[in-house]
Amino acid sequence: MRCRKCDTPAVINMRHHKLALCGEHYDEWFVNSTQRAIEKYKMFGRDARILVAVSGGKDSLALWDVLGRLGYKTDGLYIGLGIQGEIKYSDQSLACIRKFAAERAPDSTLHVVDIQETYGKTIPEISRETSRGHGKPCSSCGLAKRYVMNRLAAERGYDVLATGHNLDDEAAVLMQNTLHWQTGYLARQAPVLDASEGLARKVKPFCRFYERETATYAVVREIDYVYDECPYAVGNLTNFYKTLLNQLEAESPGAKLSFYVEFLKARQAGFFKTPEDHKDLHACEVCGQPTTAPGRCAFCRMWNITTASGGALIAPEAITTRGDDAFEDIEARVAETVDVSGL
Ligand code: AMP
Ligand code: FES
Ligand code: ZN
Ligand code: ZN
């Protein structure tokens, strides 16, 4: 397979676009496509202050890289979840992010919010104490990530919060929500969620890229990222739907993209309505973050933060932003083993 533009060997063949490209032309295509998505969905303008939520994986580091190259003003946010296991998942993630920030985003600030330092327990520890998630930490983790991302973005005055969700992520969630006809969730699944009182504007500039495409970009750009996924995500339902969609895609190239893009059109045409209860947000009586629940928000309930024990509003300074403590350089990282060979 050869590059359509220069006839040198291609690094990727995108059957859904009928397009094969070499590294150099792929890089150019990927950056331009990101800019087109930002404009198409009116995500943000040239002067926006963007907070990029980075996990240490390929998608979010690629996103930070592309936005920087496009000339946007970006800062990074990493949330330390205290998930280690044999692969030292959280430490490895932070090490990759620090390396990236130092080498490729030297003018940006990297915020690091460590959940254990800030709230006293790691995600696996707190999840053992709550009824959320039936013994798995993913639900507590998702809640904590959404909370911290939103809070930091809103309180530090960012115009927009950007995440690295790719097409495979979005299509898998879409499939899950469609199989259960979760119309409320469907109404809120979008490349852009507008800001509302206390809620930051959220965007997903990579929502039209296949996972294989973001991985190829990261490899072409020689970004060091964590290849392993969170140990708790292995075998979860989302991955099951991703596998199903890959089978569909193998038979019918472009199926995943059209499933998602046609859904967005239907949503835009008003097929799904935001549920009434989500329209009436009010401030959590402890932390002030918006919530649908009466009284305390789900996050404050999970950590059992009360007005009595925690004082009134948690001051913004209570969110730790860690300094430059050194982490071992992980030489043995596994980028070369990334499987970008196809579905
Ligand atoms: P996930 O929910 O793990 O599929 O991640 C989706 C997106 O959420 C990533 O692309 C990141 O933008 C963001 N994200 C995930 N984990 C973290 C984290 N620990 N800290 C900051 N952002 C994260
Ligand atoms: Fe949160 Fe896995 S449980 S990333
Ligand atoms: Zn080429
Ligand atoms: Zn709260």
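Here goes a summary of the coordinates provided. (Residues numbered from 1 in each chain as written. Chains lettered and ligands numbered in written order. Predicted model: local features only at pLDDT ≥ 70, side-chain atom pairs only at ≥ 80, totals over all residues.)

### Observations regarding the packing of helix H7 (residues 167-179) against helix H10 (residues 237-251)
Thinking step 1. Viewed as axis vectors pointing N to C, H7 and H10 meet at an angle of 100 degrees, and their least axial separation amounts to 9 Å. In terms of axis orientation, H7 runs roughly perpendicular to H10. Here Asp 168, Ala 171, Ala 172, Val 173, Met 175 and Gln 176 of H7 come into contact with H10, specifically with Leu 237, Thr 238, Tyr 241, Lys 242 and Leu 245.
Thinking step 2. In the contact of H7 with H10, the residues fall into 7 nonpolar, 2 polar and 2 charged. (Axes fitted to C-alpha atoms, helices over the stretch in contact; angles between N-to-C directions. Helix = DSSP H or I, 4+ residues; strand = E, 2+ residues; numbered from the N terminus. Parallel < 35°, antiparallel > 145°, perpendicular 65-115°, else oblique. Contact = placed C-beta atoms within 7 Å. Nonpolar A, V, L, I, M, F, W, Y, C, P; charged D, E, K, R; others polar.)

### Notes on unusual backbone geometry
Thinking step 1. One non-glycine residue with positive phi stands out, namely Asp 7, at about 65 degrees.
Thinking step 2. Mapped onto the fold, Asp 7 is located in the segment before strand S1 (12-14).
Thinking step 3. With a phi angle near 55 degrees, Glu 222 is a residue other than glycine that sits in the positive phi range.
Thinking step 4. Inspection of the secondary structure puts Glu 222 in the loop between helix H9 (211-220) and H10.

### What about the sheet that holds strand S8 (residues 202-203)?
Thinking step 1. The 6 strands lie next to each other as S5-S4-S3-S6-S8-S7, forming an open sheet whose pairing is mixed. A strand with exactly one partner marks an edge of an open sheet, and here the two such strands are strand S5 (110-114) and strand S7 (192-193).
Thinking step 2. Sheet topology note: the strand S3 (residues 49-53)/strand S4 (residues 73-80) ladder contains 5 bridges and is parallel. Bridge pairing in S4 places Ile 50 opposite Thr 74.
Thinking step 3. On top of the sheet, helix H3 (residues 89-104) reaches S4 and S5; it is set at about 165 degrees to S4, its chief contact. (Pairing = 2+ DSSP bridges.)

### Concerning the nonpolar core
Thinking step 1. Judged by nonpolar contacts, the single largest core of 83 residues is most densely connected at Ile 50, Leu 51 and Val 52.
Thinking step 2. Looking at which element gives the most residues to this core, the answer is helix H6 (residues 138-155), with 8 residues.
Thinking step 3. Each of two domains, domain 1 (43-273) and domain 2 (280-318), supplies a minimum of three residues to this core.
Thinking step 4. Setting aside anything within four residues of it in sequence, one finds Leu 51 in contact with Asp 75, Leu 77, Leu 152, Ala 153, Tyr 158 and Leu 161. (Core = buried A, V, L, I, M, F, W, Y, C linked by C-beta atoms within 7 Å. Buried ≥ 20, exposed ≤ 12 C-beta atoms within 10 Å, placed from the backbone. Domains from an automatic or database assignment.)

### Observations regarding the site of ligand 1
Thinking step 1. Close to ligand 1 lie 14 residues, the nearest being Ala 53, Ser 55, Ile 79, Thr 163 and Gly 164.
Thinking step 2. The set of elements that each furnish at least two residues to the shell around ligand 1 consists of helix H2 (58-69) and S4.
Thinking step 3. For the shell around ligand 1, the leading source of residues is S4, giving 3 residues.
Thinking step 4. Grouping the amino acids of the shell around ligand 1 by side-chain chemistry returns 6 nonpolar, 5 polar and 3 charged. (Near = placed C-beta within 6 Å.)

### Describing helix H11 (residues 255-268)
Thinking step 1. The end-to-end C-alpha distance of H11, which contains 14 residues, comes to 20 Å, matching closely the 20 Å that a straight helix rising 1.5 Å per residue would cover.
Thinking step 2. Every buried residue of H11 is listed here: Lys 256, Tyr 260 and Phe 263. All buried residues of H11 fall inside an arc of 60 degrees around its axis, so they share one side. In this structure, H11 carries Ser 258, Glu 262, Lys 265, Ala 266 and Gln 268 as exposed residues pointing more than 90 degrees from its buried face.
Thinking step 3. In this fold, the buried residues of H11 make contact with H7 and H10.
Thinking step 4. In the stretch just after H11, Gly 270 is the one whose phi turns positive, near 90 degrees. (Expected span 1.5 Å × (residues − 1). Arc of directions from axis to C-beta.)

### A few points about the pairing of S4
Thinking step 1. With 7 of 8 residues buried, S4 lies mostly within the body of the structure.
Thinking step 2. In this fold, S3 hands off to H2, which returns the chain to S4; that crossover is right-handed. (Right-handed = clockwise from strand over helix to strand, strands pointing away.)

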